[in-house]
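Residue-level listing of the chains:
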Amino acid sequence: MPGNRRNARADPARLPITMKTHDFIVVGSGIAGLSFALRAAKHGSVAIVTKKGAADTNTAQAQGGIACVRSEEDSFDRHVADTLDAGAGLCPEDVVRTIVSEGPRAIDELIAWGVDFDSRETGDGETELDLGREGGHTKRRILHSKDTTGREIETKLLAALRETENVTLLERHFAIDLITTARLGFATPPRCVGIYVLNEDSGEVETLRSDRVVLCTGGCGRVYIYTTNPSVATGDGVAMAWRAGVEVANMEFVQFHPTCLYHREVKSFLITEAMRGEGAILVDQDRRDFVKEYDPRGSLAPRDIVARAIDRELKRTGRPCVYLDITHKPKDFIAERFPHIYETCLDLGIDAATEPIPVVPAAHYQCGGVRTDVNGATSLAGLWAVGEVACTGLHGANRLASNSLLEGAVVSDRALRDALAKRPPSKPAETLKLPEWISGNVTDVDELVVIYHNWDEIRRLMWDYVSIVRTSKRLQRAATRLQNLQREVQEFYWNFRVTPELLELRNLVEVASLIVDSAARRRESRGLHYTLDYPETDDKNWRKDTILRRF
Ligand code: SIN
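The model shown is predicted, which means the values in this text are computed figures rather than measured ones.

### Examining the side chain of Asn454
- Summarising the element assignment, Asn454 is placed in helix 15 (residues 448-465).
- Among the residues examined, Asn454 registers a relative accessible area of 3% and is labelled buried.

This is the structure in structure tokens:
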């Protein structure tokens with residue numbers, strides 16, 4: 001049987017000859033991971049572990065932008081109020097206020113690292129940041145770089161990183177599990193002391209030691225068959241933390257973006273909400289502005305409301321999609337403000353300047369995650385989580401558009417300060433004798449088809465039973481199927497050599513189960529969690545987080 005897969009106790013006979021120790025380990029290379037690493041490198045050595053190429057992240061796909069108060073007409077109070085309103089009663093106001101008010105400083109830092117946000121002429125020869133608007137925001141406050149804001153941030157932070165000493169970037173390294181003192185049976189206070197990582201080129205599992213591990217692995221959109229997320233979004237950080245006994249919160253709140261392109265070949269292409277901010281309207285095949293019938297704010301109502309309105313409309317009419325209509329705007333404006341979307345649609349035969357874009361809702365953002373405070377500190381010492389992987393509470397039951405890049409930039413800074421203040425003087429990651437990974441008598445996976453089949457089955461059943469509208473019966477069905485799948489995946493994990501596909505499947509089934517478990521516990525409808533069995537919001541009993549603890 002494989003050794004450390006079973007969390008074997010440290011065995012002095014198997015002490016490692018070489019193990020790499022870093023002052024900080026960052027898992028993930030989106031805005032949270034890169035901005036943490038850029039700052040942390042001033043204080044010690046940093047390893048960034050990322051399972052594909054460094055730029056293969058959710059951040060790089062972000063279109064709309066980053067929300068921040070930057071104009072005289074706006075205020076922190078307004079941004080806080082909009083966030084609380086979207087969050088449907090579950091956002092702690094102190095957390096929201098901290099993140100919102102530290103936004104301008106974080107933006108200045110991004111600009112100092114080279115990020116170029118769009119600006120416009122003021123008329124008196126000056127320029128100012130060109131602020132966009134998105135659903136749920138009562139003011140223009142979205143900093144953007146055309147419709148490829150995430151790509152701009154990712155590119156510039158990676159460029160800054162290349163100029164930074166003290167950072168080792170480990171691409172094609174898949175973080176398998178956290179190493180904790182409790183799992184190894186050490187009689188020391190429980191804490192995280194490193195990670196096991198699959199080096200995808202050598203096929204070897206390496207042991208990386210650190211007293212400060214930061215999860216920045218993004219979300220889990222790939223748990224659904226229809227998603228705007230890239231293939232990397234398989235919930236790795238939440239699954240790892242959960243297996244290590246770390247608290248997880250609010251996993252039932254999965255945000256479905258109302259406007260994913262509906263096309264038979266291109267499945268995950270987002271049409272940014274900023275387009276609605278610039279006047280695009282959701283319509284049905286008769287060009288009827290149907291969202292207005294569900295909410296007076298129409299297409300710019302918060303996402304949960306808009307996605308549910310589309311879902312109802314599709315179920316009612318039996319049509320496969322609705323449409324986003326921006327044809328009333330001049331072609332030059334569309335092509336200049338949304339070049340990426342305009343060109344991509346044009347390549348697919350859709351001219352957004354003359355015809356409405358076919359769209360459907362798709363899984364977009366995980367509002368819950370590893371439970372943290374506003375410094376990213378988790379329930380396990382030595383472990384922080386920042387960005388989509390984490391649940392600080394900022395997003396409550398429904399995230400306000402473009403608040404996520406803001407959270408990544410602000411909380412990564414706070415997490416570093418917290419980590420610097422909390423380093424244990426005994427340096428356990430260096431002084432404890434951590435066992436190396438033992439593969440045991442495993443063989444190569446003999447039937448990849450089983451992995452792909454299970455992967456598809458999870459994603460399909462999550463879409464059918466656990467998406468925009470839920471029922472207790474559908475959740476129960478999903479739970480039963482997932483239990484069986486989990487058993488099968490575990491068998492695979494123990495008996496075969498680990499591969500990225502197998503590890504992703506193991507994480508996916510874990511995270512899917514957490515979503516179903518959390519959704520089944522919440523006996524009300526709130527924000528992104530809507531169930532036909534409990535359609536009302538029940539503030540008396542359920543105005544609280546869903547917190548899961550494994551042990
Ligand atoms: C979008 O551009 O619509 C996505 C922005 C976000 O999810 O915050």
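The discussion continues.
### A few points about the site of the ligand
- Near the ligand, the surroundings consist of Gln63, Gly64, His257, Leu270, Thr272, Glu273, Arg303, His364, Arg399, Ala401 and Ser402.
- Within the side chain of His257, one N or O atom sits 2.7 Å away from an oxygen atom of the ligand.
- Contacts to the ligand include Arg399, whose side-chain N or O atom sits 2.6 Å from an oxygen atom.
- Surface burial for the ligand is 94%, taken as the share of its 260 Å² of free accessible area covered by protein chains.
- Broken down by class, the residue content of the shell around the ligand amounts to 2 nonpolar, 6 polar and 3 charged.

### Structural notes on the pattern of salt bridges
- Evaluated as defined, the whole model comprises 50 salt bridges.
- Here Arg141 and Asp82 are joined by a salt bridge, their closest N and O atoms 2.8 Å apart. With Arg141 in the loop between strand 6 (127-129) and strand 7 (142-143) and Asp82 in helix 3 (residues 76-86), this pair connects stretches of sequence that are 59 residues apart.
- Residue classification places Arg141 among the buried residues on the basis of a relative accessible area of 0%.

### So, helix 10 (residues 303-317)
- Compared with the 21 Å implied by 1.5 Å per residue over 15 residues, the 21 Å span of helix 10 between its first and last C-alpha is a close match.
- Residues Arg303, Asp304, Val306, Ala307, Arg308, Ala309, Ile310, Asp311, Glu313 and Leu314 constitute the buried set of helix 10.
- On the buried face of helix 10, the contacting elements are strand 14 (254-261), helix 9 (274-277), strand 15 (281-283), strand 16 (322-325) and strand 17 (357-366).
- Among the residues trailing helix 10, Gly318 stands out with phi positive, at a value near 75 degrees.

### A word on the sheet that holds strand 9 (residues 173-180)
- Strand order in the open sheet formed by 4 strands is 1-11-10-9, and the pairing between neighbours is mixed. Each having just a single partner strand, strand 1 (20-21) and strand 9 make up the two edges of the open sheet.
- Here strand 10 (residues 192-199) runs beside strand 11 (residues 205-209); their pairing, made up of 5 bridges, is antiparallel. Within strand 11, the residue paired with Ile195 across the bridge is Leu208.

### Looking at the layout of surface pockets
- Here the second largest pocket is characterised by a volume of approximately 440 Å³.
- As for the second largest pocket, its lining consists of 20 residues, and the residues nearest its centre are Tyr226, Leu314, Val360, Pro361 and Trp463.
- Elements supplying a minimum of two residues to the lining of the second largest pocket: strand 14, helix 10, strand 17 and helix 15.
- No other element matches the 3 residues that helix 10 contributes to the lining of the second largest pocket.
- Here the lining of the second largest pocket is built from residues that sort into 12 nonpolar, 2 polar and 6 charged.

### Structural notes on the nonpolar core
- Judged by nonpolar contacts, the single largest core of 64 residues is most densely connected at Ile195, Tyr224, Met462 and Ile515.
- Tallying contributions element by element places helix 17 (residues 500-521) first for this core, with 10 residues.
- Filtering out sequence-adjacent residues up to four positions away, Tyr224 remains in contact with Val254, Phe256, Ala363, Arg459, Met462, Trp463, Val466, Ser467, Arg470 and Ile515.
- By size, the runner-up hydrophobic cluster in this structure holds 51 residues, among which are Leu34, Ile99, Val167 and Leu405.

Cut-offs applied
- Every residue gets a number counted from 1 within its own chain, in the order that chain's sequence is written.
- This being a predicted model, a pLDDT of at least 70 is required before a residue's local features are given, and a value of 80 or more before pairs of side-chain atoms are given or counted; all residues contribute to the totals for chains, interfaces and linings.
- Only heavy atoms go into the side-chain values, all of them from the structure, while hydrogens and water stay out.
- Going along the chain from the N terminus, every DSSP run of H or I of four or more residues is numbered as a helix, and every run of E of two or more is numbered as a strand.
- Think of it in three bands: with a 1.4 Å probe and only protein chains considered, a residue is buried below 20% of the maximum accessible area for its type, exposed above 50%, and partly exposed in between.
- We call a residue near a molecule or strand when any one of its heavy atoms sits within 4 Å of it.
- For the purposes of these results, a polar contact is taken to be a pair of N or O atoms within 3.5 Å, where, inside protein, one atom must be able to donate a hydrogen and its partner to accept one; residues adjacent in sequence count only when each atom of the pair is a side-chain atom.
- Only the protein chains shown count as cover for residues, and the accessible areas themselves come from Shrake-Rupley with a 1.4 Å probe.
- Put simply, Ala, Val, Leu, Ile, Met, Phe, Trp, Tyr, Cys and Pro go in the nonpolar bin, Asp, Glu, Lys and Arg in the charged bin, and everything else, Gly too, in the polar bin.
- A pairing counts as a salt bridge when a side-chain nitrogen of Lys or Arg comes within 4 Å of a carboxyl oxygen of Asp or Glu.
- By this rule the span expected of a helix is its residue count minus one, scaled by 1.5 Å.
- Contacts are residue-level and defined by heavy atoms, with any inter-residue pair within 4.5 Å sufficient.
- Pairing between two strands is assigned when DSSP locates at least 2 bridges connecting them.
- We place a 1 Å grid over just the protein atoms. Points where a 1.4 Å probe fits but has no way out form a cavity, open points with protein on both sides within 12 Å along at least 5 of 7 lines form a pocket, and any residue with an atom within 4 Å of a point lines it.
- Grid points are joined across faces, edges and corners, and a volume is the space filled by probe spheres set on the points.
- Side-chain atoms within 4.5 Å are what join buried Ala, Val, Leu, Ile, Met, Phe, Trp, Tyr and Cys residues into a set we call a nonpolar core.

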